[in-house]
Amino acid sequence: MADISMNRLAEGAAKLGVTLDSSKLEQFSIYYRDLVDWNSRINLTAITDSEEVQVKHFLDSLTLVSPINAKQCHGCRIIDVGSGAGFPGIPLKIVLPDINMTLLEATTKKALFIKQLFEKLKLKDIEVLNARAEEAAQKPQYREKFDIVVSRAVAELAVLSELTLPFCAIGGFVIAQKKGDIRVEMEQSVKAIEMLGGKLSIIEKVRLDGLEDERYLVFIEKISSTPQKYPRRPGMPEKRPLK
Ligand code: SAM
């Protein structure tokens, strides 16, 4: 296949304060080709145009680089809950090689895609966990063990809090990538976040050239331990959100 230009990504990343050298751009190019190739067999994404993938998947994932760097998080543990085809976890790992990354994904085919991709990209200190968040978060090796929990496009905030806060160590943060009008789900999540040991911290508006829709990073601080009964059994957080 002919080389695919990653210029849009390089320019957009520079505006986010991220410099991508030729080897990182090559890694993103391999990622793009693999995504499109696997997408013809399993449903990974509705977005396949090169420019669109560069903006809506790669750059959107990289909007987390600056907040993660601000936490001075070298060598820290990060989990991406509901990673799908690897967003935002794999772009973050390419750009921040020092972090220890776990990608959690319930669908086996997607988890297989993620695994073969990070092996092909020769990324180290990265693992994929093919499991549901409700079950993985009850395991001692994952419970309250992560400095930062990230998640994009998985569930409304009240549900997402139950799927993410149990993974977060006290003093750490959940950073949820959200789009659209989030006022109502923010209001409806306040109680759930409190019950789970969290505190809504700040909301940052994300600006990316070429994207009309409103995107936000919602920061939730982990201030106390999550009661052991959360998360409830698989499906319950979504069926009966804590409110
Ligand atoms: N984060 C990716 C992105 O932004 O492109 C994927 C978003 S996709 C809409 C949501 C993903 O979360 C799906 O791949 C789904 O299998 C996964 N997921 C949903 N609920 C989950 C759960 N309880 N535990 C683990 N994965 C879950």
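Located above this text is the structure these notes cover.
Residues numbered from 1 in each chain as written. Predicted model: local features only at pLDDT ≥ 70, side-chain atom pairs only at ≥ 80, totals over all residues. Heavy atoms only, no water.

Chemist: For this particular structure, what's the right way to read the sheet that holds strand β6 (residues 198-206)?
Modeler: By definition, the strands of a sheet pair up through backbone hydrogen bonds, in either a parallel or an antiparallel sense. Pairing is mixed in the open sheet, where seven strands are placed in the order β3-β2-β1-β4-β5-β7-β6. The open sheet has two free edges, formed respectively by β3 (126-129) and β6, since each of these has just one partner strand. Strand-to-strand twist of the sheet, defined as the mean angle between neighbouring strand axes without regard to direction, takes the value 20 degrees. Pairing of strand β4 (residues 146-152) with strand β5 (residues 168-179), which is carried by six bridges, proceeds in the parallel orientation. Bridging from a neighbouring strand, Val-150 pairs with Ile-175 of β5. (Pairing = 2+ DSSP bridges. Helix = DSSP H or I, 4+ residues; strand = E, 2+ residues; numbered from the N terminus. Axes fitted to C-alpha atoms, helices over the stretch in contact; angles between N-to-C directions.)

Chemist: Looking at this model, I keep getting lost on the site of the ligand. Mind explaining?
Modeler: Every one of the 15 residues lining the ligand counts as a neighbour, but Gly-82, Phe-87, Glu-105, Ala-133 and Arg-152 are closest to it. Measuring from a nitrogen atom of the ligand, one finds a backbone N or O atom of Gly-82 at 2.8 Å. Ala-106 has a polar backbone atom sitting 3.4 Å from a nitrogen atom of the ligand. Protein contacts shield 77% of the accessible area of the ligand, which totals 600 Å² for the unbound molecule. Residues of the shell around the ligand, tallied by class, amount to six nonpolar, four polar and five charged. (Near = heavy atom within 4 Å. Polar contact = N/O pair within 3.5 Å; in protein donor to acceptor, adjacent residues only side chain to side chain. Areas by Shrake-Rupley, 256 points an atom, 1.4 Å probe, with all protein chains shown as cover. Nonpolar A, V, L, I, M, F, W, Y, C, P; charged D, E, K, R; others polar.)

Chemist: Hey, could you run me through the packing of aromatic side chains in this one?
Modeler: Each aromatic ring pair is characterised by the separation of its centres together with the angle its planes make. Under the defined criterion, the tally for this structure stands at seven aromatic pairs. Note on Tyr-31 and Phe-87: the rings are 5.3 Å apart at their centroids and 15 degrees apart in plane angle, and the pair reads as stacked. Taken together, the residues Tyr-31 in helix α2 (residues 22-39) and Phe-87 in the loop between β1 (77-81) and α5 (89-95) connect sequence positions 56 residues apart. Owing to a relative accessible area of 0%, Tyr-31 belongs among the buried residues under this scheme. For Phe-87, a relative accessible area of 5% puts it in the buried group. Consider the rings of Phe-173 and Phe-219, whose centres lie 6.4 Å apart with planes at 80 degrees: the pair is edge-to-face. Placement of the pair is Phe-173 in strand β5 and Phe-219 in strand β7 (residues 215-222), with a sequence separation of 46 residues. In this structure Phe-173 comes out as buried when scored by relative accessible area, which is 13%. Classification of Phe-219 as buried rests on a relative accessible area of 2%. One aromatic cluster is present, built from ring pairs that chain together Phe-28, Tyr-31, Phe-58 and Phe-87. The positively charged end of Lys-71 is found above the aromatic ring belonging to Phe-173, 3.9 Å away from the centroid. Taking NZ or CZ as reference, Arg-77 lies 4.5 Å from the ring centre of Phe-146, over its face. (Phe/Tyr/Trp six-rings, centres within 6.5 Å; stacked < 30°, edge-to-face > 60°. Buried < 20%, exposed > 50% of the residue type's maximum accessible area, 1.4 Å probe, protein only. Lys NZ or Arg CZ within 6 Å of the ring centre and 35° of its normal.)

Chemist: In this structure, what is going on with the side chain of Ser-29? I would like to understand it.
Modeler: Tracing the backbone shows Ser-29 in helix α2. Judged by its relative accessible area of 3%, Ser-29 falls in the buried class. Setting aside residues up to four positions removed in sequence, Ser-29 forms contacts with Ile-4 and Met-6. (Contact = heavy atoms within 4.5 Å.)

Chemist: Mind showing me how you'd approach the pattern of salt bridges here?
Modeler: Any two side chains of opposite charge can pair, on the condition that their charged atoms come close. Tallying each qualifying case throughout the model produces 18 salt bridges. Salt-bridge contacts for Glu-51 lead to Arg-8; the nearest nitrogen and oxygen are separated by 3.9 Å. Of the two residues, Glu-51 is situated in helix α3 (residues 50-62) and Arg-8 in helix α1 (residues 7-15); the sequence distance between them amounts to 43 residues. One salt bridge in this structure joins Asp-213 and Lys-179, with 3.7 Å as the shortest N-O distance. Taken together, the positions of Asp-213 in the loop between β6 and β7 and Lys-179 in strand β5 put the pair 34 residues apart, joining distant regions of the chain. Connected via shared salt-bridge partners are Asp-60, Arg-152, Lys-179, Asp-213 and Arg-215. (Salt bridge = Lys/Arg side-chain N within 4 Å of Asp/Glu carboxyl O.)

Chemist: Can you walk me through the environment of Arg-77 in this structure?
Modeler: Tracing the sequence through the fold places Arg-77 in strand β1. In this structure Arg-77 comes out as partly exposed when scored by relative accessible area, which is 26%. In sequence terms Arg-77 and Asp-125 are 48 residues apart; their C-alpha atoms lie 9.6 Å from each other. Ignoring anything within four residues of it in the chain, the contact list for Arg-77 reads Asn-100, Thr-102, Gln-141, Tyr-142, Lys-145, Phe-146, Asp-147 and Ile-148.

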